[in-house]
Amino acid sequence: MRAVGGHTVREGRFWHRRAELVYYDAGEGPLALYAHGGYVSQATEDRMGLFDWAPLLDAGQRLVRYDARAHGRSTGDPVDTDYSYAALADDLLALLDHLGATEPVTVMGASMGCGTALHAAIRAPDRFSRLVLLIPPTAWSTRQAHAQANRESADLIEREGVDAWLAAKAQQPRPAVVADVPEFPPTPAERVLPSILHGLALSDLPSPTAIAALNQPALILAWADDPGHPLSTAETLAHWLPHAELHVSQTGADIRTWGERIAEFLTRPQP
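Because the structure is a prediction, the values reported are computed rather than measured.

**Student:** Can you help me understand the environment of Pro-206 in this one?
**Tutor:** Relative to the helices and strands, Pro-206 is located in the loop between helix 7 (193-201) and helix 8 (208-212). As a C-alpha pair, Pro-206 and Asp-126 span 80 residues in sequence and 17 Å in three-dimensional space. If we skip the residues at most four places from it in the chain, Pro-206 touches Leu-118, His-119, Ile-122, Trp-140 and Ile-211.

The following block contains the structure:
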């Protein structure tokens, strides 16, 4: 990744808990830190063409995105507990320390990254000024079945290999709203994938009571008809977060406006 919307991207690396994490830093201005979803990477997300980050940079934001532990170009060990939302939040907070962030920043996350961002915000609320939560994952009452599916997937990979898991995933219908988005192989190595799946099975979003204590303005961006990212999670977050707004996309074209929506949200005067 050498440029986003004409903005030069600077690559950085740091070590934390036995792993080297790779991040990508672009633009100047208030810092917005983004965590991606499970199995992909920042480069993969760019190839998917789903999220457009150029509006944030054009609006005078500094955007830092990173490859989660064992994803993309970051390293990681086959240790289940390294991939819980809480452990991934520890990586995010360590990156803030590495960047020398002394003022509150915007934290953004999609799916697994949404869980990462929320756990980081609960643990260190004073470090964050705004929350942007993209496609919140299964949580609370819907989480148990998802966790069991992750454990079964981990067992399948260990028994038959990653190709068997990918073949099973290919049989599952995709949400219509992202049916035209290209799919790519998972970026974590096969030796680590079962641990990632087990770590996600150990995870859930923070409790609604804990979430209700977050006072930051929050933008929640969801899409329709996706069992892995049900609207029930997004709607519950919008209910419990004191200063939240929710936008639900029904089409791929509308999803591609999210960059502009986020830029407008981040440059809006604080209430």
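**Student:** Before we go on, may I ask you to explain the packing of helix 3 (residues 85-99) against helix 4 (residues 112-123) in this structure?
**Tutor:** Between two packed helices, both the angle of their axes relative to each other and the distance between the axes serve to describe the pair. Where helix 3 contacts helix 4, the axes come no closer than 8 Å and their chain directions differ by 70°. It follows from the interaxial angle that helix 3 and helix 4 lie roughly perpendicular. Side by side, helix 3 and helix 4 meet where Tyr-85, Ala-86, Leu-88, Ala-89, Asp-90, Leu-92 and Leu-93 of the first sit next to Met-112, Gly-115, Thr-116, Ala-117, His-119, Ala-120 and Arg-123 of the second. Along the lines of polarity and charge, the residues of the contact of helix 3 with helix 4 split into 9 nonpolar, 3 polar and 2 charged.

**Student:** Hey, could you run me through the packing of helix 5 (residues 143-160) against helix 7 in this one?
**Tutor:** At their nearest, the axes of helix 5 and helix 7 sit 8 Å apart, and the two run at 165° to each other. Here helix 5 is positioned roughly antiparallel relative to helix 7, judged by the angle of their axes. In the crossing of helix 5 with helix 7, the sense of the turn from one axis to the other is left-handed. Along the contact surface, helix 5 presents Arg-143, Ala-147, Asn-150, Arg-151, Ser-153, Ala-154, Asp-155, Ile-157 and Glu-158, while helix 7 presents Leu-193, Pro-194, Leu-197, His-198, Leu-200 and Ala-201. Counted by class, the contact of helix 5 with helix 7 contains 8 nonpolar, 3 polar and 4 charged residues.

**Student:** What should I look at first to understand the pattern of salt bridges in this one?
**Tutor:** Opposite charge on two side chains lets them pair, provided their charged atoms get close. The final tally for this structure, using the stated rule, is 21 salt bridges. With its nearest N and O atoms 2.8 Å apart, the salt bridge here joins Asp-91 to Arg-69. Of the two residues, Asp-91 is situated in helix 3 and Arg-69 in the loop between strand 5 (62-66) and helix 3; the sequence distance between them amounts to 22 residues. In terms of burial, Asp-91 and Arg-69 fall into one category: buried. The residue Glu-264 makes a salt bridge to Arg-268 at a minimum N-O spacing of 2.6 Å. On the basis of relative accessible area, Arg-268 is assigned to the partly exposed category, the value being 29%. Among the charged side chains, a network of salt bridges with common partners joins Arg-17, Arg-18, Arg-69, Asp-77, Asp-82, Asp-90, Asp-91 and Arg-123.

**Student:** Whenever I open this one, the pairing of strand 7 (residues 128-134) confuses me. Can you help?
**Tutor:** The two faces of a sheet get side chains in turn, since along a regular strand they alternate between them. Burial analysis of strand 7 places 7 of its 7 residues in the buried class, the great majority of the element. Bridge count for strand 7 against strand 8 (residues 218-223) is 4 bridges, and the pairing is parallel. Bridging across to strand 8, Leu-133 finds its partner in Ile-220.

**Student:** Would you explain the nonpolar core in this entry?
**Tutor:** The nonpolar side chains of a soluble globular protein tend to be buried, and buried together. Among the nonpolar cores identified, the biggest contains 55 residues, and Leu-92, Phe-128 and Leu-241 are the most heavily contacted of them. A per-element tally of this core places helix 3 first, with 9 residues. Counting residues in each nonpolar core, the second largest holds 30 residues, with Val-9, Tyr-24, Tyr-34 and Val-177 among its members.

**Student:** When you look at the packing of aromatic side chains in this model, what are you seeing that I'm missing?
**Tutor:** Pairs of aromatic rings are described using the distance from one ring centre to the other and the angle between the two planes. In this structure the tally under the stated criterion is 6 aromatic pairs. Arranged with centres 4.6 Å apart and planes meeting at 50°, the rings of Tyr-34 and Trp-53 form a pair that is tilted. Note that Tyr-34 is positioned in strand 4 (residues 31-35) and Trp-53 in the loop between helix 1 (42-48) and helix 2 (54-58), a separation of 19 residues in sequence. The same class applies to Tyr-34 and to Trp-53, which are both buried. One aromatic cluster is present, built from ring pairs that chain together Tyr-34, Phe-51, Trp-53, Trp-223 and Trp-258. For the cation-ring pair, Arg-130 lies above Phe-265, with the distance from its terminal atom to the ring centre recorded as 5.6 Å.

**Student:** Whenever I open this one, a negative patch on the surface confuses me. Can you help?
**Tutor:** Together, Asp-80, Glu-152, Asp-155 and Glu-158 line one region of the surface with negative charge. Here Glu-152 is to be found in helix 5.

**Student:** For this particular structure, what's the right way to read helix 9 (residues 231-240)?
**Tutor:** One full turn of an α-helix is made of 3.6 residues, so residues set three or four places apart face in the same direction. Here helix 9 has its buried residues at Thr-233, Ala-234 and Leu-237. With its buried residues spanning 95° around the axis, helix 9 presents them on a single face. On its buried side, helix 9 packs onto helix 4, strand 7, helix 8, strand 8 and strand 9 (244-249).

Calculation notes
Residues numbered from 1 in each chain as written. Predicted model: local features only at pLDDT ≥ 70, side-chain atom pairs only at ≥ 80, totals over all residues. Heavy atoms only, no water. Helix = DSSP H or I, 4+ residues; strand = E, 2+ residues; numbered from the N terminus. Contact = heavy atoms within 4.5 Å. Axes fitted to C-alpha atoms, helices over the stretch in contact; angles between N-to-C directions. Parallel < 35°, antiparallel > 145°, perpendicular 65-115°, else oblique. Nonpolar A, V, L, I, M, F, W, Y, C, P; charged D, E, K, R; others polar. Left-handed = near helix turned anticlockwise from the far one by under 90°. Salt bridge = Lys/Arg side-chain N within 4 Å of Asp/Glu carboxyl O. Buried < 20%, exposed > 50% of the residue type's maximum accessible area, 1.4 Å probe, protein only. Pairing = 2+ DSSP bridges. Core = buried A, V, L, I, M, F, W, Y, C linked by side-chain atoms within 4.5 Å. Phe/Tyr/Trp six-rings, centres within 6.5 Å; stacked < 30°, edge-to-face > 60°. Lys NZ or Arg CZ within 6 Å of the ring centre and 35° of its normal. Patch = residues over 30% accessible without salt bridge, like charges linked within 9 Å, V, L, I, M, F, W, Y side chains within 5 Å. Areas by Shrake-Rupley, 256 points an atom, 1.4 Å probe, with all protein chains shown as cover. Lys, Arg positive; Asp, Glu negative; His and termini not counted. Charge placed at Lys NZ, Arg CZ, Asp CG, Glu CD. Arc of directions from axis to C-beta.

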